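Residue-level structure breakdown
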Amino acid sequence: MSDEKMNPVPDIAETPARILIVDDKLQNRQLLEIMLAPEGFVLLTAASGEEALAIVAVQPPDLILLDVMMPGMDGYQVAGKIKGDPATKSIAIIMLTALDDSNARMLGLNAGAEDFLTKPVDRAELVVRVRSQLRLKLYGDKLRGTLTALSTANEQLDRHTREIASAQALADAATARLARLQKITAALGNTVTQDGVADTVLREAIVALECEAGAVVVKTEGEEGLALLRESGSLDSIMCSFKVTQPPRVGGPYDDAVTHCRAIYLESFEEMLVRYPAFQNVSKSDSRAAWIFLPLEIGGHAVGALAFGFAGPRKFTVLDRHFADTVARYCAQALDRVRLRIAAAAALAEAGDARMMAEHANNAKTMFLRAMSHELRTPLNAISGYTEILEMGIRGVVNPEQAKDLGRIKRAAAYLLRLINDILTIARLEGARPLNVISIPVNPMLAEVEGLCALQAKANGLTLTVTPCERETVVAADAERFQQILLNLITNAIKFTGTGGNIAVACDSDAGVVRIRVKDSGVGVRPVDIDRVFEPFVQIDRHLTSAKQQGVGLGLSISRELARAMRGDLTLQSTEGVGSTFTLTLPIASETSLASPIAMATPPINVSRIKSAVAS
């Protein structure tokens, strides 16, 4: 295989080469044009060195045939200028000279010429020399292009390498800071004091940010300004500017951070002076060279600030700022948690003291009510007894006016006795004895209550009808409280039902509950008053009952509390002028309702509402 096939040469015919012929004689230029025209080159001519340089500046040729001896600027000078210009130094130059000596050739080579031809020029030699130089130039151009591409690729590679190294450094720094943040978070989760929070934050953040000093300052309760919570390292006058004795805080970095709730990054001493002229008298030699001031923000308001100082000027990166902002946020949240924990502990202690005082007061009031209720019975019995003696005439004849007054005394005494009985009931309800929930047959209880109320109903001219349950039903209830509720409902119906009226007691059951309804044809209740009848010391329409019928308004309230304590309820449906129906609901006795710890340990009666009414 030939060398030409192994190393193919560039095909210069693809793009016709541009050749500039420079000679001061016209016939020489024309002769060279005639010799080269058949080769297909693009031929340009110049009659002087100056004209040649002008053409090269506008349209650089691939090769120059340059005459040495020319008036004005000779060929050596022209070659020197072309080769001395980086933009044209790659143009091939073949110098034409009539001088055939070594000295002339050395001058040409020193000027930068690639080849020489001696006049008169042989056409064949001219074509060979021209093609050879064009080929060499093409090789050179390609080599320079390759070298330029390699240089560019090397530069890009170096840049990419630097970028990768920088990215890796950032990634390593970010990883280290993330680990530091995780460590801070774990440590803050175990701190129980504000000092512990500040110590943890400063210890970890100073290492991560590579700074020399740090401080945590907080707002003081009830005072203006900031107080130092914790410091690390030596604080300069800028970092101590929260103190009253230092340059005014107003207009300083702490004021910006706390008042305006924004982070302040000062990257040099000069930047600090420009932003805060109040510190013009501060010595640069005694100060840090860069600072960070961060608000400790909770709910949009700063409760303090976190400050860091650096030994030299510092360009804070996005990573630096993000880390510092995150540390400040963690610090603020931890301080807030500690404050809430302290406040909660204080509130619990205060609530415990208040509860203890309330229990003591409750016990004292209960004992007082019991004692006073019992003590009041003695004079009441005397009042009632002596009133009856006077009415009977044992102490002498009683005139009609006196009899009328004695009747009033007896009614007042009866009213007071009922009030005392209700107060005693309340005292018993709030006693320590729990409800004794057992299985109670409903029908026998209804029969017993009917026997107790029949005479009272008959005396008031009322018809009392008690209809037992169709089948024997057993409820889970306290026997004494069950009977008390039924008696309260029936006597209440008797009280508010006029002569000739009817009172009906009926029973039905389904879905695990028993409903006992006490229905009367009495005065009824307005819709707006239905809920009020269960309130303590409330009696609706007292004018509808006689004085001897009126009570103190505790019976229904106590009855509903008892029903709810036994996991039942007491409700009312009423129409004014038509009558009322009270419905007592109680659970049917079962293994669950009787045997479960919840059922046997029925919660105590809720009498706080009744007690507050008694107190008022």
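Here, every reference points to the structure presented above.
Throughout what follows, the structure given in this document is the object of discussion. (Residues numbered from 1 in each chain as written. Predicted model: local features only at pLDDT ≥ 70, side-chain atom pairs only at ≥ 80, totals over all residues. Heavy atoms only, no water.)

So, the pairing of strand S15 (residues 513-520)
The pairing of strand S14 (residues 502-510) with S15 spans 8 bridges and is classified as antiparallel. Residue pairing across strands places Cys-507 opposite Ile-516, the latter belonging to S15. In sequence, S14 turns back onto S15 through a hairpin of 2 residues, with Ala-511 there showing a positive phi of about 50°. Examined bridge by bridge, S15 and strand S17 (residues 579-587) share 7 bridges and lie antiparallel to one another. (Pairing = 2+ DSSP bridges. Helix = DSSP H or I, 4+ residues; strand = E, 2+ residues; numbered from the N terminus.)

Section: the sheet that holds strand S10 (residues 301-310)
Taken in spatial order, the 5 strands make up an open sheet running S7-S6-S10-S9-S8, and their pairing is antiparallel. At either margin of the open sheet sits one strand with a lone partner, and together these are strand S7 (226-232) and strand S8 (264-266). When the angles between neighbouring strand axes are averaged without regard to direction, this sheet yields 15°. Pairing of strand S6 (residues 213-219) with S7, which is carried by 6 bridges, proceeds in the antiparallel orientation. Bridge pairing in S7 places Val-217 opposite Leu-228. (Axes fitted to C-alpha atoms, helices over the stretch in contact; angles between N-to-C directions.)

Details of the sheet that holds strand S16 (residues 569-575)
Strands in a sheet are paired, the pairing made by backbone hydrogen bonds, and the direction either parallel or antiparallel. Ordered by their spatial adjacency, 5 strands build an open sheet running S12-S14-S15-S17-S16, and the pairing between neighbours is mixed. Bordering the open sheet on either side are strand S12 (463-466) and S16, each of which pairs with just one other strand. Within the sheet, the average angular offset between the axes of one strand and its neighbour, ignoring direction, is 15°. Most of the contacts of helix H13 (residues 479-495) go to S17, to which it runs at about 175°, and overall it touches S12, S14, S15, S16 and S17. (Contact = heavy atoms within 4.5 Å.)

Here's the deal with the side chain of Ser-241
Positionally, Ser-241 belongs in the loop between S7 and helix H8 (253-259). Given a relative accessible area of 2%, Ser-241 falls into the buried group. A polar side-chain atom of Ser-241 sits 2.7 Å from the main-chain carbonyl oxygen of Ile-238. (Buried < 20%, exposed > 50% of the residue type's maximum accessible area, 1.4 Å probe, protein only. Polar contact = N/O pair within 3.5 Å; in protein donor to acceptor, adjacent residues only side chain to side chain.)

A look at helix H3 (residues 49-58)
Along H3, the residues classified as buried are Gly-49, Ala-52, Ile-55 and Val-56. Considered in projection along H3, the buried side chains sweep an arc of 120° and stay on one side of the axis. Residues Ala-57 and Val-58 are exposed on H3 and point more than 90 degrees away from its buried face. On its buried side, H3 packs onto strand S1 (18-22), strand S2 (42-46), strand S3 (63-67) and helix H4 (75-84). (Arc of directions from axis to C-beta.)

Some thoughts on the environment of Leu-229
Within the secondary structure layout, Leu-229 lies in strand S7. As for Leu-229 and Gln-194, which are separated by 35 residues in sequence, their C-alpha atoms are 7.9 Å apart. Apart from the residues within four sequence positions on either side, Leu-229 is in contact with Gln-194, Asp-195, Ala-198, Val-216, Val-217, Val-218 and Leu-335.

Some details on the nonpolar core
Most often, soluble globular proteins keep nonpolar side chains buried together rather than apart. Grouped together as the largest cluster of nonpolar side chains are 44 residues, with contacts concentrated most on Phe-482 and Leu-584. If you tally residues by element for this core, the top one is H13, at 7 residues. Once residues within four sequence positions are removed from consideration, Leu-584 is found in contact with Phe-482, Ile-485, Leu-486, Leu-489, Val-514, Arg-515, Ile-516, Ala-563, Asp-569 and Leu-570. Counting residues in each nonpolar core, the second largest holds 34 residues, with Ala-205, Ile-206, Tyr-265 and Ala-328 among its members. (Core = buried A, V, L, I, M, F, W, Y, C linked by side-chain atoms within 4.5 Å.)

A closer look at the side chain of Thr-583
Tracing the backbone shows Thr-583 in strand S17. If we ignore the near neighbours within four places in the chain, the residues touching Thr-583 are Arg-515, Ile-516, Arg-517, Asp-569, Leu-570 and Thr-571.

Concerning the pairing of S17
Extensive coverage of S17 is indicated by the burial of 8 of its 9 residues. Where S16 lies against S17, 7 bridges are found, and the strand directions are antiparallel. Paired with Asp-569 across the two strands is Thr-585, which belongs to S17.

A short note on the packing of H3 against H4
In the contact formed by H3 and H4, the axes pass within 10 Å of each other and the chain directions differ by 20°. Comparing their axes, H4 and H3 come out roughly parallel. Note on packing geometry: the crossing formed by H3 with H4 is right-handed. Where H3 approaches H4, its residues Gly-49, Leu-53 and Val-56 are matched on the opposing element by Val-78, Lys-81 and Ile-82. Considered class by class, the residues forming the contact of H3 with H4 number 4 nonpolar, 1 polar and 1 charged. (Parallel < 35°, antiparallel > 145°, perpendicular 65-115°, else oblique. Left-handed = near helix turned anticlockwise from the far one by under 90°. Nonpolar A, V, L, I, M, F, W, Y, C, P; charged D, E, K, R; others polar.)

Quick notes on unusual backbone geometry
The residue after Lys-119, namely Pro-120, is reached through a cis peptide bond having omega -10°. Along the chain, Pro-120 falls in the loop between strand S5 (115-118) and helix H6 (123-188). A positive phi is found at Glu-210, a non-glycine position, where the angle reads about 55°. With respect to the helices and strands, Glu-210 occurs in the loop between helix H7 (194-209) and S6. Phi is positive for Ala-511, close to 50°, though the residue is something other than glycine. Here Ala-511 is to be found in the loop between S14 and S15. With relative accessibility at 79%, the residue Ala-511 sits in the exposed group.

A few points about the state of the cysteines
Should the sulfur atoms of two cysteines be covalently bonded, the bond is a disulfide. Considering all chains together, one arrives at 1 disulfide under this definition. Disulfide pairing places Cys-469 opposite Cys-507 at an S-S distance of 1.9 Å. Where Cys-469 bonds to Cys-507 through sulfur, the torsion about that S-S bond is close to 65°, and the disulfide is right-handed. Of this pair, Cys-469 sits in the loop between S12 and strand S13 (474-478) while Cys-507 sits in strand S14, and the two are 38 residues apart along the sequence. You can call Cys-469 buried: its relative accessible area is 8%. (Disulfide = S-S within 2.5 Å.)

Note that all results are geometric; they support no functional claim without further evidence.
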